[in-house]
Amino acid sequence: MTGGTSRMLRVATILGLGLLGLAAPAEAADPREVALAISQGVIVPGYRDLTAAFDRQRAAWEQGCGDVEALRAAYNQAADAWAAVEHVRFGPISREQRSERIAFWPDPRNATERGLAALIAAPDESGLAAERISTTSVAVQGLPALERLLYREGGGKVGLDDRRCAIGRAISSNLASIGQSVSAEWSAPRTGQLAQLEATATSAETAAADKSAATQMLTDLATLFMVVADRKIAPLYGVKGKPPNPKAAEAWRSGRSRRNIDLNLKAAAATARSLVALAPQEASELARRVADAEVALAQNEGNPPGFAAFAGVKVAQYVAIQKLPEALDVPLGFNSLDGD
Amino acid sequence: MAMTRRRVLALLGSTATVLAQARALVAEPFAGSMSSGGLDLGDDTCFAAFADKLSPDFGVGPVADGTDACWANIVETRLHGGAVRPRSHELVVVARRPGSCFLVIDARSGGLLRSVEASPGRHFYGHAVFSADGCWLFTTEADYEAGVGLIGVYDVTRGYSRTAEWASGGVGPHELVLTQDGGGLWVANGGVDTHPDGGRAMLNEGTLQSTLVRLDLSGKLAASYDLGPDLDTLSIRHIAVTPDGALVFGCQDQADVAAARPLVGVVSAAGRCEIVEAGRSVWPALNGYVGSVAVDSQGKYLAATSPRGNQVLFQAVAGGEQTSLIALQDVCGVAALSRPGAFLVTSGAGEIARVAVSAEGARITMRARANRRWDNHIIRASWGRAPI
């Protein structure tokens, strides 16, 4: 449990891997290096893709609603880009409820449906400007609301009347502006999140901020596995003795439930890979465990179906909580991980 | 431990046995003995929920270093906070948010007296408090379809039957405590809306709107405080009263923790709600998260734990003296002990520490370790030293 032990283990690991030509850190990883590795390897490029996809989606809706397939393609690209970064709670995404605005889910009270119905039924055009959308219920501001506009239960043909088209346009425009804000707040010179993490000036305060950043990012990674196993895989396939309930799964209307899980796991694997230089053994093990879970998901084997994927994700979660953080000298505690 | 588990399962399977035991115990005088292992808690006895380090089991037991064969109830549900009934050995522990039950346990033996399920359409938030006479239990609950916070009112003398529910004056009520005079309740409405089908996910469609509310014992709203627009991302979760009637509260920032917003405040006995003045480096060190608060027996010092900052903050309630931080990995549970300035803290790493706070600062005076991951809260018995 002690830092000394984990350092010794790491030194042993480094000695073992030295033959492979991997860079050997002289001492315990600096929390700042951990935060930078994840930021540069996963978060910043992920937000760049997300902003581009949201911009394209807005452009698609601005073309009008004649070509539903084009709007669906834009939605799916945006949803793909979001699935690659949705687990991130650190930094600008946590301001102004941006994460919930982009994807309000789970939604057990059907707030998205209710909010959308209210918008559709509203007597005038008020509420349809992007800036007005941003002040309504967060449940109607994001991808789940667009999905409901674009997909009908049972796969029926979708007709987007002027009203629905205007709502979609407003939502897509609001999403684009959220994406641009997040990217800008990460990449602004000097004041941006990345610049702050890159700054090497050390004071007690910046050291605390670096540690806080690393802790949050590793917590985000561990939470990704909990969400994927418990909220996403469980309803889709039914585990722990419960029957499947596909309509409780994420994005079932657009048939994305499986795909989102895949993309979340790919994001987890990318995060693990970004840390291999800092914790060679544990980060590699995590990447391997995620790959195992992906294989299990693809084969959908096991008895009952889905259990192998569920179990695989739980094994990865164990490594992400118990092994990797300690190897990086940023241990996640029982209380800090999931407190109340 | 296996013995304990079998006993619990057997009791759970037999309502008749549970009821018989419950009747027998209500009338029984306080007797027996319990060792607190390697850590002397002085004149106090404390309990806490925990997770077993070696398995995914959860439980509740006395806070002790684990070398003794202290009772421990192992259950499948992760437990959270609770209370010991005044002048009794009934320990109530509530399942964590969104919880479906609370357990009534014999604090001498660990025997399960009763398991009370949430009413239809309701879930628990993890905390409970008894009235001063021990006749009523109050719990924080949600009407989860409506997304409305409630206080559940249970008649202890009639087998913990639920006799009423009151509006909590907000969303997501979390910890509740008795007012100093026992004539009312303080409720921390954390503002976080949850639904059992959404697990622990936050379902708010707008901003948090966390409030601190005082109710009288008929459920009527007596006072309500919020932290204003600058601090509207803070969820007020944990509270403790001082002997002179002030209230200390601890918050969790639901937004960007890098903003290092202040996390601890006091509502004075006169009703002024103020954030604690602390040194510049204090709030960043707590990393946007306070997990528990306590006030020492004299009402002079407050303690606030941060498992995300791995620190405990100690500070004079009235301000003026220097702030102290003690570093402890994954620390969360905290309770005041009888001795002035004395606190007990527990951590997810199994650590148990006594801390003495004075004008010179805070220092750990004794520490031990249990093979358990202590969960968020310590429940202190009001009957003093443990002769369970």
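Residues numbered from 1 in each chain as written. Chains lettered and ligands numbered in written order. Predicted model: local features only at pLDDT ≥ 70, side-chain atom pairs only at ≥ 80, totals over all residues. Heavy atoms only, no water.

## Points about the overall build of chain A
Note the following rule: For the purposes of this entry, the term helix denotes a DSSP run of H or I that reaches at least four residues, the term strand denotes a run of E that reaches at least two, and both are numbered from the N terminus. For every residue, the accessible area obtained with a 1.4 Å probe (protein chains only) is divided by the maximum for its type, and the residue is called buried under 20%, exposed over 50%, and partly exposed between those limits. Residue contacts are defined here by distance: any two heavy atoms, one from each residue, within 4.5 Å place the two residues in contact. Residue-level accessible areas treat just the shown protein chains as cover; the underlying method is Shrake-Rupley with a 1.4 Å probe.
Along the backbone of chain A there are 14 helices and 0 strands. If you list the helices and strands of chain A from N to C, you get α-α-α-α-α-α-α-α-α-α-α-α-α-α. A total of 340 residues make up chain A; the buried ones form 56% of that total. Considering only contacts within chain A whose residues lie at least 6 apart along the sequence, 76% involve residues at least 24 apart. Of the accessible surface of chain A, which amounts to about 14400 Å², a share of 55% is contributed by carbon and sulfur atoms.

## Re helix α3 (residues 68-83) of chain A
Residues and elements named next belong to chain A. Selection criterion: Expected helix span is taken as 1.5 Å per residue step, with the number of steps being one fewer than the number of residues. Two N or O atoms form a polar contact when they lie within 3.5 Å of each other; inside protein one atom must be a possible hydrogen donor and the other a possible acceptor, and for residues adjacent in sequence the pair counts only when both atoms belong to side chains.
The first and last C-alpha atoms of α3 sit 22 Å apart over 16 residues, in line with the 22 Å expected at 1.5 Å per residue. For α3, every residue scored as buried is listed here: V68, L71, R72, A74, Y75, A78, A79, D80, A81, W82 and A83. Buried-residue contacts for α3 involve α2 (31-62), α4 (98-102), α7 (143-150) and α11 (257-274). By the N-cap criterion, in which a side-chain oxygen at the helix start approaches the backbone nitrogen of a residue two or three places on, α3 is capped by D67, the distance to E69 being 3.3 Å.

## Some remarks on the interface of chain A and chain B
Often, the extent of an interface is quoted as the loss of accessible area upon association of its parts. Our working definition: When two components associate, each loses some accessible surface as probed by a 1.4 Å sphere; the sum of these losses over both components is called the buried area. Salt-bridge detection follows one rule: a side-chain nitrogen of Lys or Arg within 4 Å of a carboxyl oxygen of Asp or Glu.
On the chain B side, the residues contacting the 28 residues of chain A number 46 residues. Both sides of the chain A and chain B interface together cover about 3100 Å² of buried area, and 45% of this is carbon and sulfur. Sorting the residues of chain A by area buried against chain B places R109(A), F334(A) and D340(A) first, and these three jointly supply 30% of that buried surface. For R97(B), the salt bridge identified is with D340(A), shortest N-O distance 2.9 Å. The tally of links from chain A across to chain B stands at 25 residue pairs in polar contact (both at pLDDT 80 or more). At the level of secondary structure, the elements contributing two or more residues to the side of chain A that touches chain B comprise α5 (111-121), α10 (204-237) and α14 (334-337) of chain A.

## Overview of the confidence of the model for chain A
What counts, and what does not: For every residue, the predictor states its confidence as a pLDDT score lying anywhere from 0 to 100.
Looking at chain A, pLDDT values average 88 and 89% of them are 70 or higher. Confidence drops under a pLDDT of 50 for residues 1-26 of chain A, and excluding neighbours within four residues, the segment shows 23 contacts in the predicted structure.

## A closer look at the environment of L208(B)
Residue and element names in this part refer to chain B. Relative to the helices and strands, L208 resides in the loop between β13 (184-189) and β14 (211-216). Remark: the alpha-carbon pair of L208 and T233, spanning 25 residues in sequence, is separated by 6.4 Å. Discounting chain neighbours no more than four positions away, the residues touching L208 are G190, G191, V192, M202, D232, T233, L234, S235 and Q254.

## Brief notes about α5(A)
Defined as follows: By construction, the arc corresponds to the directions joining the helix axis to the C-beta atoms.
When we look at burial in α5(A), the residues that qualify are A111(A), T112(A), G115(A), L116(A) and L119(A). In a view along the axis of α5(A), the buried residues occupy a sector of 125 degrees, so they form one face of it.

## Observations regarding the packing of helix α12 (residues 280-299) of chain A against helix α13 (residues 307-327) of chain A
All names here are of chain A. The condition that has to hold: Axes here refer to lines fitted to C-alpha atoms; in helices the fit is confined to the stretch in contact. Angles between the N-to-C directions go from 0 to 180 degrees. Roughly parallel covers angles under 35 degrees, roughly antiparallel covers those over 145, roughly perpendicular covers 65 to 115, and oblique covers all other angles.
α13 packs onto α12 with a crossing angle of 170 degrees between their chain directions and a minimal axis gap of 8 Å. Taken together, the axes of α12 and α13 lie roughly antiparallel to each other. Mapping the contact onto sequence places E282, A283, E285, L286, R289, V290, A293, A296 and L297 in α12 and A308, A309, G312, V313, V315, A316, V319, A320, K323, L324 and A327 in α13.

## Describing the state of the cysteines
The criterion, for reference: Sulfur atoms of two cysteines make up a disulfide when they are within 2.5 Å.
Scanning the model with the defined rule gives 1 disulfide over all chains in all. C273(B) takes part in no disulfide bond, and the closest cysteine sulfur, belonging to C251(B), lies 8.7 Å away.

## Considering the layout of surface pockets
Residue and element names in this part refer to chain B. Heads up, the condition is: Here a cavity is any set of points on a 1 Å grid over the protein atoms alone where a 1.4 Å probe fits but cannot get out, and a pocket is any open set with protein on both sides within 12 Å along at least 5 of 7 lines; a residue lines the site when it has an atom within 4 Å of a point. Grid points are joined across faces, edges and corners, and a volume is the space filled by probe spheres set on the points.
As a volume, the second largest pocket reaches approximately 1200 Å³. As for the second largest pocket, its lining consists of 41 residues, and the residues nearest its centre are V129, V177, V241, R380 and S382. At the level of elements, β4 (79-84), β8 (122-130), β12 (173-178), β16 (234-241), β20 (292-295), β24 (331-336) and β28 (372-380) are the ones that each hand at least two residues to the lining of the second largest pocket.

## Things to note about the sheet that holds β8(B)
Residues and elements named next belong to chain B. The condition that has to hold: Pairing between strands is defined by DSSP: at least two bridges between them are needed.
Taken in spatial order, the 4 strands make up an open sheet running β8-β9-β10-β11, and their pairing is antiparallel. Two strands close off the open sheet at either side, each with one partner strand: β8 and β11 (161-167). Strand-to-strand twist of the sheet, defined as the mean angle between neighbouring strand axes without regard to direction, takes the value 30 degrees. When strand β9 (residues 136-143) meets strand β10 (residues 148-155), the two strands line up antiparallel, connected through 8 bridges. Bridging across to β10, L137 finds its partner in Y154.

## Focus: the confidence of the model for chain B
When pLDDT is low, close inspection of the predicted coordinates is not appropriate. Residue and element names in this part refer to chain B. On average, residues of chain B score 87 in pLDDT, and 87% of them are at 70 or above. Confidence drops under a pLDDT of 50 for residues 1-37, and excluding neighbours within four residues, the segment shows 65 contacts in the predicted structure. Note on the complex model: pTM 0.88, ipTM 0.84.

## Notes on the environment of R162(B)
Residue and element names in this part refer to chain B. Here R162 shows up in strand β11. For R162, a relative accessible area of 26% corresponds to the partly exposed category. Counting along the chain gives 10 residues from R162 to G152, while the straight-line C-alpha distance between them is 6.9 Å. Here E165 takes part through its side chain, which lies 2.8 Å from a polar atom of the side chain of R162.

## Quick notes on the packing of aromatic side chains
All names here are of chain B. This is how it is decided: Think of it this way: a Phe, Tyr or Trp ring, Trp meaning its six-membered ring, pairs with another when their centres are within 6.5 Å, and the plane angle makes it stacked under 30 degrees, edge-to-face over 60, tilted otherwise. Only when the NZ of Lys or the CZ of Arg is both within 6 Å of the ring centre and within 35 degrees of the ring normal is a charge said to sit over the ring.
The final tally for this structure, using the stated rule, is 13 aromatic pairs over all chains. Seen from their ring centres, F50 and W374 are 6.1 Å apart, and the 85 degrees between their planes marks the pair as edge-to-face. A residue pair is termed long-range when its members are at least 10 positions apart, and F50 in strand β1 (residues 46-52) and W374 in strand β28 qualify at 324 residues. By relative accessible area, F50 is classed as buried at 1%. We classify W374 as buried; its relative accessible area is 0%. Taken together, the ring pairs in this structure connect F102, F124, F130, Y154 and Y160 into an aromatic cluster. Lying over the aromatic face of W186, R214 brings its terminal NZ or CZ to 5.6 Å of the ring centre. Sitting over the face of the ring of F50, R372 holds its NZ or CZ atom 4.3 Å from the ring centroid.

## Topic: the pairing of β1(B)
All names here are of chain B. The buried fraction of β1 is high, at 7 of 7 residues. Residues C46, A48, F50 and D52 of β1 are buried on one face, and the alternating residues F47, A49 and A51, pointing to the opposite face, are buried as well. Both β1 and strand β2 (residues 58-62) contribute to a ladder of 5 bridges, which runs antiparallel. Each bridged residue has a counterpart across the sheet, and for A49 the counterpart in β2 is V60. Counted between consecutive antiparallel strands, the loop separating β1 from β2 contains 5 residues.

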